[in-house]
Amino acid sequence: MGKSIGILGASGHVGCGAMDVLLGKRKVLAGCRRPEQVCHTGIRTRKVDLRDPLQLEQFVEDCELVINCAGPAAEVLDKVGKACVKKGVSYIDVAGNQAMADALQEIYKAEGSAILSAGVYPGLCEIFLLWVLGRQGKKPSQVEEIFCGNAVLSTTALKDICEAIKDGEGEAFCYMKNGKRQTFDAPARDGMRIPGKNEEVYLLPMLYQEFAQICQKRALDKAIFYQGMEGADGVERLIRLKEQISQGAERDYLEEAQSVFGGEDGDAWFDIIVDLSFEETAVRYVLQSKKDWNYMSGAVAAVLALTLGERRERGLFRAWELADAQQVLLSLKECGLCSIKKYKRH
């Protein structure tokens with residue numbers, strides 16, 4: 001089975017998703033601050049604090065590849081990347097905000113292999129979009145992608161979201177047209193009913209870096225990404241959240257972030273929907289999962305590690321740049337983690 005794949009943050013929900021995919025396929029070394037809380041028994045564990053460079057290096061040198069599921073990204077920054085480069089080990093991170101990418105850019109110029117944004121959003125959203133686009137015989141006149149779901153997000157996930165808002169990552173009411181960022185004068189769509197569910201979500205156009213990069217690479221004429229939100233007051237709540245973040249009251253803004261981007265207690269689910277418009281036809285592809293996207297972020301990173309196999313590209317990449325979209329989605333389906341359906345639209 002070869003050398004171990006190391007999972008950092010293995011005691012968390014994201015780390016559990018990665019372990020569930022890897023166990024039985026590869027040897028796993030689970031690293032975290034509280035090994036007794038790892039979700040599986042009978043596997044090798046190691047106490048690791050990312051703030052301790054020596055502990056981190058000792059963990060990394062026993063792995064051929066490390067998947068980091070720990071966070072927040074603003075605290076991880078280049079810590080794992082430095083250790084991996086020093087020990088000649090490949091690195092995948094479920095996160096990848098701009099601050100992390102900036103911190104790692106110089107390190108990976110000369111050597112090493114690192115993949116960021118290997119979770120769900122960003123990560124699976126772009127991989128699914130690439131798969132859909134790759135199945136078309138011609139270029140669509142318009143592409144719309146929607147992400148929505150219900151989950152109680154972890155504190156780490158909420159901190160990552162709030163840090164991204166603080167740093168200005170993700171531009172509301174913006175979209176891509178002929179490779180350039182544009183601003184809506186009015187929302188393109190107000191809301192939609194989720195396929196197969198008695199749920200309605202309100203749609204907020206939200207342009208983020210990875211989506212924009214794909215639009216440019218594929219030379220899409222017009223493309224819009226929507227964040228699905230519960231309640232018609234989603235925009236007002238987002239504005240309130242931005243104000244709370246600027247005021248620095250962490251407890252208040254984390255609660256508000258859960259309200260805006262997460263959901264309520266109950267069944268976890270998420271959908272990624274891609275609507276394509278052509279001159280005479282329109283189609284819809286829907287990826288549905290009954291897992292929450294904390295867990296699935298770890299699962300996506302693990303599947304990416306397995307599908308890449310021995311392939312190692314030198315440098316710093318986003319997941320969509322190296323992923324074999326067909327293989328990633330097939331593996332997720334085989335693991336029972338998602339389903340994909342195609343519909344005709346009228």
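Residues numbered from 1 in each chain as written. Predicted model: local features only at pLDDT ≥ 70, side-chain atom pairs only at ≥ 80, totals over all residues. Heavy atoms only, no water.

**A short note on empty space enclosed by the protein**
Quick reminder of the rule: Think of a 1 Å grid over the protein atoms and nothing else: a 1.4 Å probe that fits but is trapped marks a cavity, an open set flanked by protein within 12 Å on at least five of seven lines marks a pocket, and residues with an atom within 4 Å of a point count as lining. Grid points are joined across faces, edges and corners, and a volume is the space filled by probe spheres set on the points. Think of it this way: any DSSP run of H or I at least four residues long counts as a helix, any run of E at least two long counts as a strand, and we number them from the N terminus. Amino acid classes used here: Ala, Val, Leu, Ile, Met, Phe, Trp, Tyr, Cys and Pro are nonpolar; Asp, Glu, Lys and Arg are charged; the rest, including Gly, are polar.
Per the stated rule, a full pass over the model turns up 2 cavities of 30 Å³ or more. Taken as a whole, the largest cavity spans an internal volume of roughly 100 Å³. When residues of the lining of the largest cavity are traced back to their parent elements, those giving at least two are strand E7 (142-150), strand E13 (222-229) and helix H10 (250-261). In terms of residue class, the lining of the largest cavity is built from 7 nonpolar, 6 polar and 2 charged. Around the second largest cavity, the lining residues are Leu65, Ser90, Tyr91, Ile92, Ser113, Ile115, Leu308, Arg311, Arg312, Glu313 and Leu322. Among the elements that take part in the lining of the second largest cavity, strand E5 (residues 90-93) stands out by supplying 3 residues, more than any other. In terms of residue class, the lining of the second largest cavity is built from 6 nonpolar, 2 polar and 3 charged.

**Focus on the sheet that holds strand E6 (residues 113-116)**
To keep things clear, this is the line we draw: Here, a strand pair is defined by DSSP locating no fewer than two bridges between the strands. Between N-to-C directions, angles span 0 to 180 degrees; the directions come from axes that are lines fitted to C-alpha atoms, helices contributing only their stretch in contact. Two residues form a contact once any of their heavy atoms are found within 4.5 Å.
Spatial ordering of the open sheet is given by E3-E2-E1-E4-E5-E6-E16, a layout of 7 strands whose pairing is parallel. Each edge of the sheet is formed by a strand with only one pairing partner; in this case those strands are strand E3 (44-47) and strand E16 (315-318). Adjacent strand axes in the sheet meet at a mean angle of 20° when their direction is disregarded. Pairing of strand E1 (residues 4-8) with strand E4 (residues 63-68) involves 5 bridges; the strand directions are parallel. Residue Gly6 lies in a different strand from E4, and its bridge partner there is Val66. This element, helix H1 (residues 13-22), spans E1, strand E2 (28-32) and E4 of the sheet and lies at about 165° to E1. In this fold helix H4 (residues 79-87) packs onto E1, E4 and E5, with an angle of close to 160° to the strand it touches most, E5.

**Focus on the nonpolar core**
Heads up, the condition is: Working definition of a nonpolar core: buried Ala, Val, Leu, Ile, Met, Phe, Trp, Tyr and Cys residues. They are joined through side-chain atoms within 4.5 Å. Each residue gets one of three labels from its accessible area relative to the maximum for its type: buried under 20%, exposed over 50%, partly exposed in between, using a 1.4 Å probe on protein chains only.
Counting residues in each nonpolar core, the largest one holds 92 residues, and the members touching the most others are Ile67 and Phe128. Of the residues forming this core, the biggest block, 11 residues, is contributed by helix H11 (residues 293-308). Among residues more than four places away in sequence, those in contact with Ile67 are Ile5, Gly6, Ile7, Leu8, Leu22, Ile92, Ala301, Ala302 and Ala305.

**Details of the packing of helix H7 (residues 155-166) against helix H9 (residues 234-247)**
Put simply, the test is: To sort the angles, those under 35 degrees are grouped as roughly parallel, those over 145 as roughly antiparallel, those from 65 to 115 as roughly perpendicular, and the leftovers as oblique.
Where H7 contacts H9, the axes come no closer than 10 Å and their chain directions differ by 85°. It follows that H7 is roughly perpendicular to H9 by the angle criterion. Across the interface between the two elements, Cys162, Ile165 and Lys166 of H7 pack against Leu238, Leu241, Lys242 and Ile245 of H9. Broken down by class, the residue content of the contact of H7 with H9 amounts to 5 nonpolar, no polar and 2 charged.

**A word on H4**
All buried positions along H4 are accounted for by Val80, Gly81, Ala83, Cys84 and Val85. Along its buried surface, H4 packs onto E1, helix H2 (53-60), E4, helix H3 (73-76), E5 and helix H5 (98-105). Directly after H4, the chain includes Gly88, whose backbone phi takes a positive value near 70°.

**Focus: the side chain of Gln142**
Following the sequence through the fold, Gln142 ends up in strand E7. Dropping the residues within four chain positions of it, Gln142 is found in contact with Lys222, Asp275, Leu276 and Ser277.

**Notes on the environment of Cys338**
Within the fold, Cys338 resides in the loop between helix H13 (325-334) and strand E17 (339-344). When sequence neighbours within four positions are dropped, the list of residues in contact with Cys338 reads Leu287, Gln288, Ser289, Leu332 and Lys333.

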